[in-house]
Amino acid sequence: MQKTEFKMPKMGESISEGTIIEWHVNEGDTFNEGDILLEVATDKVDNEVPAPSSGKMLQHKYKAQDVVPVGDVIAILELSGEKGISKSPKITTEKTVAKDITSEKPKAQKQASKPASFKVNENVFISPLVDAIARKNHISYEELARISGTGKDGRLRKSDVSEYLELGRPFQFAQAVSEASGFQIPDLKFDKGKGKIVEMDRMRQMIADHMVFSKHTSPHVTAYVEADLTEMVTWRNKNKDAFQKKHSEKLTFTPLFIECVAKAIKDFPMINSTLDGKNIIVKDEINIGMATALPSGNLIVPVVRNADKKDLKELAQATNELVGKSRDNKLKADDTKGSTFTISNVGTFGSLMGTPIINQPEAAILAIGIIKKRAEVMEREDGDSIEIRQMMYLSLSFDHRIVDGYLAGSFLRRIADYMEKFDSKRKI
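Read on for a plain summary of the structure. (Residues numbered from 1 in each chain as written. Predicted model: local features only at pLDDT ≥ 70, side-chain atom pairs only at ≥ 80, totals over all residues. Heavy atoms only, no water.)

## Some details on the packing of helix H8 (residues 253–267) against helix H9 (residues 312–327)
In contact at an axis separation of 9 Å, H8 and H9 are set at 120° when each is read in the N-to-C sense. As summarised for this structure, H8 and H9 are arranged oblique, according to the angle between their axes. Seen along the crossing, H8 lies across H9 with a hand that is right-handed. Contacts between H8 and H9 involve Thr254, Pro255, Leu256, Ile258 and Glu259 from the former and Leu312, Leu315, Ala316 and Thr319 from the latter. Partitioned by chemical class, the residues of the contact of H8 with H9 number 6 nonpolar, 2 polar and 1 charged. (Axes fitted to C-alpha atoms, helices over the stretch in contact; angles between N-to-C directions. Helix = DSSP H or I, 4+ residues; strand = E, 2+ residues; numbered from the N terminus. Parallel < 35°, antiparallel > 145°, perpendicular 65-115°, else oblique. Left-handed = near helix turned anticlockwise from the far one by under 90°. Contact = heavy atoms within 4.5 Å. Nonpolar A, V, L, I, M, F, W, Y, C, P; charged D, E, K, R; others polar.)

## Digging into the sheet that holds strand S8 (residues 73–79)
Overall, antiparallel pairing links the 4 strands, which are arranged S1-S8-S6-S3 in an open sheet. The sheet is open, and its two edges are formed by strand S1 (2–7) and strand S3 (30–31), each paired on a single side. With 6 bridges connecting them, S1 and S8 associate as antiparallel partners. Looking across to S8, one finds that Phe6 is bridged to Ala75. (Pairing = 2+ DSSP bridges.)

## Digging into the pattern of salt bridges
Evaluation of the coordinates by the stated rule reveals 13 salt bridges. The partner of Glu321 in a salt bridge is Lys325, with the nearest N and O atoms 3.6 Å apart. Here Glu321 pairs with Lys325, and both are found in helix H9, just 4 residues apart, close to one helical turn. Overall, Glu321 belongs to the partly exposed group, its relative accessible area being 47%. The partly exposed category is assigned to Lys325, whose relative accessible area is 22%. (Salt bridge = Lys/Arg side-chain N within 4 Å of Asp/Glu carboxyl O. Buried < 20%, exposed > 50% of the residue type's maximum accessible area, 1.4 Å probe, protein only.)

## Concerning H8
In an α-helix, one turn spans 3.6 residues; hence positions three or four apart end up facing the same way. With 15 residues, H8 extends 22 Å from end C-alpha to end C-alpha; this agrees with the ideal 21 Å at 1.5 Å per step. With respect to burial, H8 is a largely interior element, 11 of its 15 residues being buried. Those residues of H8 not exposed but buried are Phe253, Pro255, Leu256, Phe257, Ile258, Glu259, Cys260, Val261, Ala262, Ala264 and Ile265. The residue sitting at the N-terminus of H8 and contributing the capping side-chain oxygen is Thr252; that oxygen lies 3.3 Å from the backbone nitrogen of Thr254. (Expected span 1.5 Å × (residues − 1). Polar contact = N/O pair within 3.5 Å; in protein donor to acceptor, adjacent residues only side chain to side chain.)

## Observations concerning the environment of Val161
Mapped onto the elements, Val161 comes out in helix H4 (residues 158–166). With residues near it in sequence (within four places) discarded, Val161 still touches Val130, Ile133, Ile139 and Leu144.

## Quick word on the packing of aromatic side chains
Each aromatic ring pair is described using two quantities: the centre-to-centre distance and the angle formed by the ring planes. Tallied over the full model, the rule gives 3 aromatic pairs. Aromatic pair Phe341 and Phe411: ring centres 5.5 Å apart, planes at 75°, arrangement edge-to-face. A residue pair is termed long-range when its members are at least 10 positions apart, and Phe341 in strand S17 (residues 341–344) and Phe411 in helix H10 (residues 405–420) qualify at 70 residues. We classify Phe411 as buried; its relative accessible area is 0%. One residue, Arg236, lies across the ring of Phe253, its end atom 4.8 Å from the ring centre. Arg426 extends its terminal NZ or CZ atom over the ring of Trp235, reaching a point 5.9 Å from the ring centre. (Phe/Tyr/Trp six-rings, centres within 6.5 Å; stacked < 30°, edge-to-face > 60°. Lys NZ or Arg CZ within 6 Å of the ring centre and 35° of its normal.)

Function cannot be inferred from these measures alone, as they are strictly geometric.
Next comes the structure, spelled out in structure tokens:
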């Protein structure tokens, strides 16, 4: 038996830390090779970490809910004759828990989603470094006291203040209102009635926090257009079997929609941006997130990277693979990172249209309604006629801090134009 340091495993290229959800093996307990020692969470994926070999748990270096950098020692094991794990252990099981729809800092989200009910940090020790950051950004000590510290005994760390600044200082204005009027929101009690109690799981809590955070952060405005998809629908129905036979990929409407959106983003690159303080960052890549249903009924947003550089075959491959992983709970953290614009196909659930909430920190999100046959007046050279057409509503929710009505309306109309002007003679 030999003592071995057990380190926080790497759970994706862009993941630098993980949160310990629960230890499955207590100190002093023995385990067999492959037994799950603990569960580790990122903002989107819960990972079950197995034992590299049989042995005994000697010591936990961190407790549940601690956030631990990748590579840090989280436990001391006594292994039976094996080489140990100087490298990070391989994670064999992953369970999707998702954002709804991103933030990479779930703790800060929860803080930001409740600006009127913050908890004062009574252990607000101001280090010289934190003090310098606060002075540079004109943050008062009273405002610092409203930030949750992750250091020892709740003390503020540089990362805590940096995350707070990245979120747009959600408590800054709450402080100003409180000081001006002295008013505090009362703790109202409502009769919630009786019924079955369903406890929110971790995924639903994260989605709830992110939705409130997004609405708090971005002033949402929604624009609508209607598109005639008759040519696209006819072409897809005619060619879907041949496409699958030739490329071994199912042809859904999703890659066709993504193709049109990517083209429109190239025409209006400012829609593919995010706000950083007083600067607007226009993204170099066009990475399309697509809201996808999980078996639990919740949604996650896997990402089609560099969508503008993929042809229809590659888009079909990417979307089919990501949807399959979502349904099988096999998405990895990197599959849901880095989106610059998101699509939510509410028509999948039979909705005529929707008003989606922006997937932070993006500037806009598109909702695609159900494709529905309707009688439409068509203007022809020989006069007007009433025809049966395949119609669909599109709605764009956008952040009015950085996107104005003209840009949003023009971008949305351009998407509809690309859909309507679909080449019915296109080869597969």
